[in-house]
Amino acid sequence: MALLQQKLYSETDYYNMPEDTRAELIEGQIYYHAAPGRIHQEILSELHIAIGQYIKSKKGLCKVYPAPFAVKLFNDKSTIVEPDISVICDKNKLTDRGCTGAPDWVIEITSPGNPGYDYIRKLNLYADAEVREYWIVNPLEQTIFVYHLEKDKFKATAYTFQDTIKVNIYDDLYINFADITG
C-alpha cells in the first residue's frame, strides 16, 4: 500500500498567500496561526517600544521589528518564520521582504492554544540557525525563558514577570517585566 505524500510548500507558496494570512513555513510545511489576544499584543508593544528606545538612545545599528515580519532562517531550507519580535544587527541580512539569516535576538510570546510550538519547534529552529538570544514569554504562566547562545548551544535561564532581565546581546540593556506587564 502506498503512503500518502505530504505536499511540500516553498518560499514562493509562502509569499503567494493572501497578505492577511497569519502563517509560517517550516521545513516545507505551512503552519497557520490565529490572531493574537490583547495581552499578547500589549506585551509585544511594550517590548518593541522598550527595545526600540534603547537602540535609538545608543544610536545603535540594530533594528527591531514586530510581527508580522518574515525571517528566512536558512538559505537551503523552506523555512520562513514570523517571530513576535526580531532584532537584527547586521543590515546585510535585511531585504525588502524581511530578514534572510538568523536575527540576533528573537522574542516569541506564547499562545494559550499551542505553547509547545515556541518551546520545542521554534527553540530547535532558532538553535540550529544560531540565533544569539531567544526569549519565550508566557503570559498565562507569567514566565520568561531566556536562551542565549554560548559557543554552540543555548544556555537557559528562567524568570518571572516580577524580574528584571539582562539582555545578553547588549552590555547595558535590562528589561523590567513588572514595568512591561504592570
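So, here's what we can say about the structure. (Residues numbered from 1 in each chain as written. Predicted model: local features only at pLDDT ≥ 70, side-chain atom pairs only at ≥ 80, totals over all residues. Heavy atoms only, no water.)

## Re the overall build of the protein chain
Point 1. Within the protein chain, the regular secondary structure consists of four helices and 14 strands.
Point 2. In summary, the protein chain has a C-alpha radius of gyration of 16 Å against a globular reference of 16 Å for 182 residues, a match within 12%.
Point 3. Along the first, second and third principal axes, the C-alpha set of the protein chain runs to 55 × 35 × 35 Å.
Point 4. Counting contacts in the protein chain only where the partners sit at least 6 residues apart, residues at least 24 apart contribute 48% of the total.
Point 5. Summed over all atoms, the accessible surface of the protein chain reaches about 10600 Å², with 49% contributed by carbon and sulfur.
Point 6. The averaged location of the 26 negative side-chain charges in the protein chain is 4 Å from the averaged location of its 19 positive side-chain charges. (Helix = DSSP H or I, 4+ residues; strand = E, 2+ residues; numbered from the N terminus. Rg over C-alpha atoms; globule rule 2.2 N^0.38 Å. Contact = heavy atoms within 4.5 Å. Areas by Shrake-Rupley, 256 points an atom, 1.4 Å probe, with all protein chains shown as cover. Lys, Arg positive; Asp, Glu negative; His and termini not counted. Charge placed at Lys NZ, Arg CZ, Asp CG, Glu CD.)

## A closer look at the environment of Ile-88
Point 1. The residue Ile-88 is located in strand S6 (residues 85-88) in this model.
Point 2. Between the C-alpha atoms of Ile-88 and Gly-101, which are 13 residues apart in sequence, the distance is 9.4 Å.

## Quick word on the sheet that holds S6
Point 1. As summarised here, the arrangement of the six strands in space is S3-S6-S9-S10-S11-S12, forming an open sheet in which the pairing is mixed. At either end of the open sheet lies a strand with only one pairing partner, and these are strand S3 (63-66) and strand S12 (153-160). Recorded for the sheet is a direction-independent mean angle of 15 degrees between the axes of neighbouring strands.
Point 2. Pairing between strand S9 (residues 105-109) and strand S10 (residues 133-138): five bridges, direction parallel. Looking across to S10, one finds that Ile-109 is bridged to Val-137. (Pairing = 2+ DSSP bridges. Axes fitted to C-alpha atoms, helices over the stretch in contact; angles between N-to-C directions.)

## Quick look at a negative patch on the surface
Point 1. On the surface, a cluster of negative charge is contributed by Glu-27, Asp-128, Glu-130 and Asp-152.
Point 2. With respect to the helices, strands and loops of the structure, Asp-128 is situated in helix H3 (residues 116-129). (Patch = residues over 30% accessible without salt bridge, like charges linked within 9 Å, V, L, I, M, F, W, Y side chains within 5 Å. Salt bridge = Lys/Arg side-chain N within 4 Å of Asp/Glu carboxyl O.)

## Focus: the packing of aromatic side chains
Point 1. What the rule picks out here adds up to 11 aromatic pairs.
Point 2. Between Tyr-134 and Tyr-147 the ring centres are 6.1 Å apart and the planes differ by 25 degrees, which places this aromatic pair in the stacked class. With Tyr-134 in strand S10 and Tyr-147 in strand S11 (residues 143-150), this residue pair connects regions lying 13 residues apart in the sequence. Neither residue differs from the other here; Tyr-134 and Tyr-147 are each classed as buried. (Phe/Tyr/Trp six-rings, centres within 6.5 Å; stacked < 30°, edge-to-face > 60°. Buried < 20%, exposed > 50% of the residue type's maximum accessible area, 1.4 Å probe, protein only.)

## Things to note about the state of the cysteines
Point 1. A complete count under the given rule lists one disulfide for this structure.
Point 2. Linked covalently through their sulfurs, Cys-62 and Cys-89 form a disulfide whose S-S length is 2.0 Å. Handedness of the Cys-62-Cys-89 disulfide follows from its S-S torsion of about 100 degrees: it is right-handed. Residue Cys-62 is located in the loop between helix H2 (38-57) and S3, and its partner Cys-89 is located in the loop between S6 and strand S7 (94-95); the two are separated by 27 residues in the primary sequence. (Disulfide = S-S within 2.5 Å.)

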